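Results of the structural survey
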Amino acid sequence: MTATMHLKTAFKWGAALMFVLTTQGSSVFAQAPLEARILETKKVWDRAKHNAFTDLLYWKGAWFCAFREAKSHVGSQGVLRVLQSDDADNWESAAVVRDPTYDLRDAKLSITPSGDLMITGGAQTSADGRLLTGTITAVSSDGVEWTSPEMVVEPGRWVWDLAWRNGVAWGVSYAAPEGTKATSLVRTTDGRQFETHVEEFFAKTSYPNEARIRFDAQGAAYCLQRSDGDQDAAYLGVSTPPYQRWEWKSLERFIGGPSLLQLPSGEWLAAGRIFENGQPKTAVLSLDVEAGAVETLAVLPSGGDCSYPGLDFRDGVLRVSYYSSHEGKASIYLAKLAIDSPS
C-alpha cells in the first residue's frame, strides 16, 4: 500500500467482499458450495524489523515468494526479498532486489513471454514533503541473479500488479500519492515501455488505488479495484477483448491488498484483509460468480498489520503467502489449504 494511504487510514480497516461477474462470451457455470480446511500455517521469514506485502508464484519447478523488508511499514528504505522453495515447506533466500535511492515496495511476481521471472514493485521517494511512488521492474532467468530495478513509470503513478495474456501485460496505474480521481489501464510487451490503453479507467470514487486484473480461459478480464476516501468501496470491472469498454459494479465493501484466482474446476477464490469482530484478519473467500456472493472459507492466523496475500493452487492444495503482526512484528507466513467442492 502507499505511504499516503497508510497515514490516512492507519488503524482503519474494513470488511472485504468480492464477487466476479460473467459477461457475454465468457463461460457461465453454477458454482457448487466450496469448503476449505487449513492444513498448515507456518512462519517462513521474520529477519527484518518489518516484513510485509507478499506475492507467490510457481516457476520452473519451485515456489517463489517475494515481499518487502524494511524497518517499518512506511518511512524507511525497503528492499525486495525473494524466497525460494522446492516443496513450499523449506524456504531459503534466493535474492534481494534493492535500489540506493528508492524505498522498494509491494513486490508482485509474473512470468514474461520469454519465460523469465519478473518483479513489479513500487519505488517511493520524498519530494516537496510528499512521498511519491513510481513503478520499477526487474527480471531474472534463475530467480537468483536479477537485473537492476528500472524505473518504468515515474514517481506519481504506481502500477501495482501486472497480468500477462498473449504476450501483453496489463496493469492499472493510480495516483501515488493522491492527485487524480482516476486510474488508468496500461499495457506493456516488455515490462519497460508502457502505453496507456484506457486513460480514465475508473473514476467513480475519490481515490481509487490498488487494482489486480485476472483473465479467464475465454479471455474475459476481471479487475478488482480498491478505493479509499468518500465511499471506501471496492469495485469489480469486467471486460472482453479489446478491453476498451468495462462494466463496473460497487461491491459495497472495502478490500485492501486484493488477490483472486480461478480454480481449474471454474470456481473463483479471493483472499485479502477482512473485518471480523472488529479486528483485521486475512481470509480466503469463496466467490459465487453466478449469484455474485461471497462466503468466508477460512480465516488465517493473523491480525493487526496484515494481509496482502499471494495465491497458488497446485495438486489440490491452495497455498497462500501473507504477512501479519499477530505474533509481534510483521512477519511472512505460508498457509496450505485443501479446497473441496461437495457434490
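Think of each chain on its own: its residues are numbered from 1, step by step along the sequence as written. With pLDDT at 70 or above as the cut-off, local features in this predicted model cover only qualifying residues; side-chain atom pairs require 80 or more to be listed or tallied, and sums for whole chains, interfaces and linings still use all residues. Excluded from the side-chain calculations are hydrogens and water; all other atoms, namely the structure's heavy atoms, are used.

Once that is clear, we can look at the environment of asparagine 90. Under the scheme used here, helices are H or I runs from DSSP no shorter than 4 residues and strands are E runs no shorter than 2 residues, and both carry numbers assigned from the N terminus. Within the secondary structure, asparagine 90 sits in the loop between strand 4 (79-85) and strand 5 (92-97). In the structure, asparagine 90 is positioned 46 residues away from valine 44 in sequence and 8.1 Å away in space, judged by C-alpha atoms. In this description, contact between two residues means that some pair of their heavy atoms is separated by no more than 4.5 Å. Ignoring any residue separated from it by four or fewer positions in sequence, one finds asparagine 90 in contact with Gln84 and Ser85.

Here we come to the sheet that holds strand 7 (residues 117-127). Pairing between strands is defined by DSSP: at least two bridges between the two strands are required. The antiparallel open sheet is built from 4 strands, whose spatial order is 6-7-8-9. Looking at which strands have only one partner, the edges of the open sheet turn out to be strand 6 (103-111) and strand 9 (150-153). If you compare each strand with its neighbour and ignore which way they point, the axes differ by 35° on average. Lines fitted to C-alpha atoms define the axes, with helix axes restricted to the stretch in contact, and inter-axis angles between N-to-C directions lie between 0 and 180 degrees.

Using a 1.4 Å probe on the protein chains alone, a residue whose accessible area is under 20% of its type maximum counts as buried, one over 50% counts as exposed, and one in between counts as partly exposed. Within strand 7, 8 of the 11 residues are buried, which leaves the element mostly enclosed by the surrounding structure. Connecting strand 6 to the next strand, strand 7, in antiparallel fashion are 5 residues, including glycine 115 with a positive phi near 95°. Taken together, the 11 bridges between strand 7 and strand 8 (residues 130-140) define a ladder with antiparallel strand orientation. Bridging across to strand 8, glutamine 124 finds its partner in threonine 133. Between strand 7 and strand 8, which follow one another and run antiparallel, lie 2 residues, and aspartate 128 among them has a positive phi close to 55°.

Within the open sheet, the 4 strands sit side by side as 15-16-17-18. Their pairing is antiparallel. Only two strands of the sheet have a single partner each, and these edge strands are strand 15 (207-215) and strand 18 (247-250). On average, adjacent strands in this sheet sit at an angle of 20° to one another, irrespective of strand direction. Both strand 16 (residues 221-228) and strand 17 (residues 235-239) contribute to a ladder of 5 bridges, which runs antiparallel. For glutamine 225, the partnering residue across the bridge sits in strand 17 and is tyrosine 235.

Everything listed here is a matter of coordinates, which is why it stays silent on function.
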